[in-house]
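# Observations on the model geometry
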2 protein chains.
Amino acid sequence: MSTVSPNPPPEPATASAGTDLALAADLRVTLSRATRRLKAERGEAGLSDPQFNVLAILLREGPTSPGRLAEHERIAAPAMTRTVGCLADRGLVRKDEHPTDGRQVVVSLTAEGEAEVAETRRRRDAWLSARLAGLDTEDRAVLTQAAEILRRITAS
Amino acid sequence: MSTVSPNPPPEPATASAGTDLALAADLRVTLSRATRRLKAERGEAGLSDPQFNVLAILLREGPTSPGRLAEHERIAAPAMTRTVGCLADRGLVRKDEHPTDGRQVVVSLTAEGEAEVAETRRRRDAWLSARLAGLDTEDRAVLTQAAEILRRITAS
DNA sequence: TATTGTTATACTCTATAACTATA
DNA sequence: TATAGTTATAGAGTATAACAATA
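The paragraphs below set out a description of the structure included in this document. Keep in mind that what you see is a predicted model, and the values were worked out from it rather than measured. (Residues numbered from 1 in each chain as written. Chains lettered and ligands numbered in written order. Predicted model: local features only at pLDDT ≥ 70, side-chain atom pairs only at ≥ 80, totals over all residues. Heavy atoms only, no water.)

## Here's the deal with the interface of chain A and chain B
Contacts between the two partners involve 53 residues from chain A, matched on the other side by 51 residues from chain B. Buried surface at the junction of chain A and chain B, summed over both partners, amounts to about 5,100 Å²; 67% is from carbon and sulfur atoms. On the surface where chain A and chain B come into contact, there are eight salt bridges. Among the ionic pairs, D20 of chain A bridges to R140 of chain B, the shortest N-O distance being 3.6 Å. The set of elements that each furnish at least two residues to the side of chain A that touches chain B consists of α1 (15–39), α2 (49–61), α5 (111–132) and α6 (137–155) of chain A. (Contact = heavy atoms within 4.5 Å. Buried area = accessible area lost by both parts, 1.4 Å probe. Salt bridge = Lys/Arg side-chain N within 4 Å of Asp/Glu carboxyl O. Helix = DSSP H or I, 4+ residues; strand = E, 2+ residues; numbered from the N terminus.)

See the structure below:
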């Protein structure tokens, strides 16, 4: 086990304040850099982040309306109208009438769209797992735990 | 609505072969989500990511040319011209003549620009450290090590 | 009247190509 | 000729406001 770098002696109760802030700054920079590098790995279509995100939502949650997509991404409806239009033009999504509500539009993934998501994820996972393969068991265990912790605090 | 078979959620990594790929997928999603949440915390000026990044580079590396900034951010020079122009209009950076090379422009942070970076970082660190404060010592140690590991593999 | 989606308009960020000024 | 920066033009993404169609 790599050493858990025992906390320096001082400051019993209030130590966490300064420590948290230093770790926060360190984590902030590191997470940002890692994410940026990861997103540089893209699929064939070379989709933008917003475009890819829409495909990913559709794959995860199934067909839905532009309004729901906009809400999910916390952007205004007209922006999603354009993004969905772009994806439809490229054949990555399909727009159909809602069966019962004439106002709504149902956006769904095409086979091409699904393949694009899979390809992009495959590349990103490949890049990351190639680097994880260079780590020892201990380090991988740390990252596994870290992912769980980050998931927890990000959910709040 | 008959959904298009949404993907099952990523399985938590277990200790066996093929773990790298599972951990990679898990980390990828987690890092992305954490970073997105962090960047939602912004300073007074409400700068965009590219704008803020320029200020951060200038603070870290000192005055430099638009060309260097563009290279650093891996964007084309004209895009940086506009971003720097925007920041100059808002008084966050200053553009001066290069002392010896008449072609070059020297971009540097103003006091306002420096304050904006500090304010944004303060908010992001505050958000993150507030969540770190809710963790036990062991979890914080894990994140400390994880930051070091991520920094190492991202540098490659 | 409320909801859903679109169109109209404007601003930012990005790119490539062409141009100016300097080295 | 090469380099640094800008301007011109175009496409994507974002926003707000106004509109059309439907519930």
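## Observations concerning the protein's contact with DNA strand D
Lining the immediate surroundings of DNA strand D are 25 residues, of which S48, A76 and G102 of chain A together with T81 and K95 of chain B lie closest. Backbone atoms, meaning sugar plus phosphate, form 71% of the atoms of DNA strand D positioned within 4 Å of the protein. Contact distances for DNA strand D include 2.4 Å between a phosphate oxygen and a side-chain N or O atom of S48 of chain A. Residue V105 of chain B places a main-chain N or O atom 3.1 Å away from a phosphate oxygen belonging to DNA strand D. Among the elements of the structure, α2 and α4 (77–89) of chain A together with α3 (66–73) and α4 (77–89) of chain B are those that each provide at least two residues to the surface near DNA strand D. (Near = heavy atom within 4 Å. Polar contact = N/O pair within 3.5 Å; in protein donor to acceptor, adjacent residues only side chain to side chain.)

## Thoughts on the pattern of salt bridges
The tally for this structure, following the rule as stated, stands at 24 salt bridges over all chains. Ionic pairing is found between D125 of chain A and R28 of chain B, a salt bridge with its closest N-O pair at 2.6 Å. Of this pair, D125 of chain A sits in helix α5 while R28 of chain B sits in helix α1 (residues 19–39), each in a different chain. Note on accessibility: D125 of chain A and R28 of chain B belong to one class, buried. With a closest N to O distance of 3.9 Å, E61 of chain B and R60 of chain B form a salt bridge. With relative accessibility at 51%, the residue R60 of chain B sits in the exposed group. One network of salt bridges, in which partners are shared, links E44, E119, R122 and R123 of chain A. (Buried < 20%, exposed > 50% of the residue type's maximum accessible area, 1.4 Å probe, protein only.)

## A short note on the protein's contact with DNA strand C
Contacts to DNA strand C come from 24 residues, most closely from T81 and K95 of chain A together with S48, A76 and R103 of chain B. The sugar-phosphate share of atoms of DNA strand C within 4 Å of the protein amounts to 67%. Taking R103 of chain A, its side chain carries an N or O atom lying 3.1 Å from a base oxygen of DNA strand C. Listed by contribution, the elements that provide at least two residues to the surface near DNA strand C are α3 (66–73) and α4 of chain A together with α2 (49–61) and α4 of chain B.

## A short note on the relation of the copies chain A and chain B
Mapping chain A onto chain B calls for a rotation angle of 180 degrees and an axial translation of 0.1 Å; the resulting RMSD is 0.1 Å. Both chain copies can therefore be described as sitting about a two-fold axis. In this assembly the copies share their binding face: 85% of the residues contributing to the interface of chain A also contribute to that of chain B. (Least-squares fit on C-alpha atoms with pLDDT ≥ 70 in both.)

Remember, this is a structural readout, not a statement about activity or role.
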